[in-house]
Amino acid sequence: MDIKDPSTPAATATRREFIKKASTAAAVAATANLFRTPVYGQNQAPSPGRVIGANDRIAVAYIGVGNQGMTHLRLQKQFASDNNIVQAAVCDISKHRVAEAAATAGADCQAFDDHRKLLERKDIDAVTVATVDHWHAQCVIDTVSAGKHVYAEKPLTRYLGEAYAVADAVKNSGKVLQVGSQICSDGRWAKAAELIKAGKAGILALAQDSYMRNNPKGEWNYDIQTWATADDVNWSVWQGSVHNRADFNPDTYFRWRKYYPYSAGLLGDLVPHRLHPLMLATGNPEFPVRVVAIGDNPIHTDRNTPGTPERDSPEQIELIAEFPSGLHILVTTSSINQVGLPSVIRGHKATLYLGGDSVELKPEKDFSEEIDPEDFEHLQPAGEKIEEMEKNWFQCIRSGATPLGNIDLALRVQTVISLAEMSQRLNIVCLYDEKTRKITDGGGREVPAITYGTLPLS
């Protein structure tokens, strides 16, 4: 695919051509050893890193300091005293961004353009990774292999095979991984998990939630900054494992969430914020056994932003995931309508309504003698606060406790997301066997998980 100038009609037509030509037969041509990805570049155990005591100051570094990376850097600086941390280093492939980040962190912060060089510093204890999605896996694996704890932005990885490689690396390292779906820190989900574990809802049947936006000019069409040039950005490194490599263009650099080679779109950006807490609230997150997703682009909002190609990924998506226990989870997400579904978890004995800072337990009529209605209000922490998720990460680094966005939860969430992307893009139902890690369609035919180079837009 040639996207040297993505603002031209020819480039837009080329994208559409590839989408139309991407048949299911082409889609399933994946590598044979997808789930056998080596965890470490060499046959060596990960570095043990420094043992951190309860009162020790944690030295933190930052890989990827775009918009979200700078949000982490600024918040961690604001709460540095509370969390007893020091900001030691920053890394980015943009000269402008890394200079801005180093200046924001302070005089003692060292700047890098190669994350591997940053990880060689023995005094760094923990790393916040906020790169583009297709760099998450490599940066997390390299970080824990260097003996450092990691806070990784969601989604866990771009593709499913990478998620298993990350899980292996994290577990082998013994380091704390926190995946940044910050709503998991909201007190409602912990209360829901407590009630569900106590049997108050009975056997879970259906959970629902949504993440809805409405952007008339097209979601993620961020302003293109004049400093972003081929001289400023190390474009070859930025593209990483992407198969459809192209010459530098600022539209892709700033608006990468629109394009499949770099992102799963709404499924990768918004859906994790709903799947993580819903699955956390069950008290026993499972791998899915069946996932289906549908999505489309009915409004074509990108036409309202001059000079940008239309997105590869849908403007709206609905996914349903079925789990071995019988639970179904429904998540809807949109960039063309803001009206969402209420946060609800239904069991056969009672239903949990999660709104604001409260949880209401409402028994089913036939179980009203067994289950009492209950209201829990002013649950804390309240809301989607990144600083609370970061605080939980630092606490777990010191205590050895399991973080809210832990690797077991994140791997299961990523499995749902990856299967949903396959379902939507290949127009199939995806059935999953967690023991063999095989994916089959509704007819029983095995379908290899998509990865870099599997589809024309990858």
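Calculation notes
Residues numbered from 1 in each chain as written. Predicted model: local features only at pLDDT ≥ 70, side-chain atom pairs only at ≥ 80, totals over all residues. Heavy atoms only, no water. Pairing = 2+ DSSP bridges. Helix = DSSP H or I, 4+ residues; strand = E, 2+ residues; numbered from the N terminus. Axes fitted to C-alpha atoms, helices over the stretch in contact; angles between N-to-C directions. Contact = heavy atoms within 4.5 Å. 1 Å grid on protein atoms, 1.4 Å probe; cavity = no way out; pocket = protein on both sides within 12 Å on 5 of 7 lines; lining within 4 Å. Points joined across faces, edges and corners; volume = space filled by probe spheres on them. Phe/Tyr/Trp six-rings, centres within 6.5 Å; stacked < 30°, edge-to-face > 60°. Buried < 20%, exposed > 50% of the residue type's maximum accessible area, 1.4 Å probe, protein only. Polar contact = N/O pair within 3.5 Å; in protein donor to acceptor, adjacent residues only side chain to side chain. Salt bridge = Lys/Arg side-chain N within 4 Å of Asp/Glu carboxyl O.

Caption draft 1: Focus on the sheet that holds strand β1 (residues 58-63). Strand order in this open sheet of six strands is β3-β2-β1-β4-β5-β6, and the pairing throughout is parallel. With one partner strand each, in any of the chains shown, β3 (110-112) and β6 (177-179) form the two edges of the open sheet. Shown here is a sheet whose adjacent strand axes are inclined to one another by a mean of 20 degrees, direction ignored. Where β1 meets strand β4 (residues 126-129), four bridges bridge the pair, whose relative direction is parallel. From the neighbouring strand, Ala 61 faces β4, where its bridge partner is Val 127. Most of the contacts of helix α7 (residues 136-145) go to strand β5 (residues 149-152), to which it runs at about 160 degrees, and overall it touches β1, β4, β5 and β6.

Caption draft 2: Summary view of the layout of surface pockets. The computed volume of the largest pocket comes to approximately 1100 Å³. Gly 66, Asn 67, Ala 130, Thr 131 and Trp 256 are, among the 46 residues lining the largest pocket, the residues nearest its centre. Looking at the lining of the largest pocket, the elements that each hand over two or more residues are α3 (67-78), α5 (95-105), α6 (115-119), α7, α10 (235-239) and α11 (250-254). Of the residues forming the lining of the largest pocket, the biggest block, five residues, is contributed by α3.

Caption draft 3: Local environment of the packing of aromatic side chains. Under the definition given, this model contains 13 aromatic pairs. Centroid distance Tyr 151 to Trp 393: 5.6 Å. Interplanar angle 70 degrees. Geometry classified as edge-to-face. Of this pair, Tyr 151 sits in strand β5 while Trp 393 sits in helix α14 (residues 386-399), and the two are 242 residues apart along the sequence. For the pair Trp 227 and Phe 254, a centre-to-centre distance of 5.6 Å together with 70 degrees between the ring planes defines the contact as edge-to-face.

Caption draft 4: Local environment of helix α9 (residues 187-197). For α9, the tally of buried residues reaches eight of eleven residues, placing the bulk of the element in the interior. Among the residues making up α9, those that are buried are Gly 187, Arg 188, Trp 189, Lys 191, Ala 192, Ala 193, Leu 195 and Ile 196. The distance from a side-chain oxygen at the start of α9 to the backbone nitrogen of Arg 188 is 2.9 Å, and the residue carrying that oxygen is Asp 186. Phi for Gly 199, located one or two positions after α9, is positive at around 80 degrees.

Caption draft 5: Main features of the sheet that holds strand β15 (residues 430-433). With mixed pairing, the ten strands of this open sheet are ordered in space as β14-β13-β12-β11-β7-β10-β9-β8-β15-β16. At either end of the open sheet lies a strand with only one pairing partner, and these are β14 (374-376) and β16 (438-440). The sheet shows a mean angle of 15 degrees between the axes of neighbouring strands, taken without regard to direction. The sheet contact formed by strand β8 (residues 290-296) and β15 spans two bridges and is antiparallel. Considered in β15, the bridge of Arg 290 is made with Leu 431. Here helix α13 (residues 272-281) sits on the sheet and contacts β7 (204-212), β10 (328-334) and β11 (343-347); the angle it forms with β7, its principal contact strand, is near 155 degrees.

Caption draft 6: Looking closely at the pattern of salt bridges. In this structure the tally under the stated criterion is 23 salt bridges. In this structure, Lys 171 and Asp 408 form a salt bridge, with 2.8 Å as the shortest nitrogen-oxygen distance. Linking Lys 171 in helix α8 (residues 160-173) with Asp 408 in helix α15 (residues 407-426), this pair joins segments that are 237 residues apart in sequence. Residue Arg 257 is joined to Asp 269 by a salt bridge in which the shortest nitrogen-to-oxygen separation is 3.1 Å. With a gap of twelve residues between them, Arg 257 in the loop between α11 and α12 (266-269) and Asp 269 in helix α12 connect regions that are remote in the sequence.

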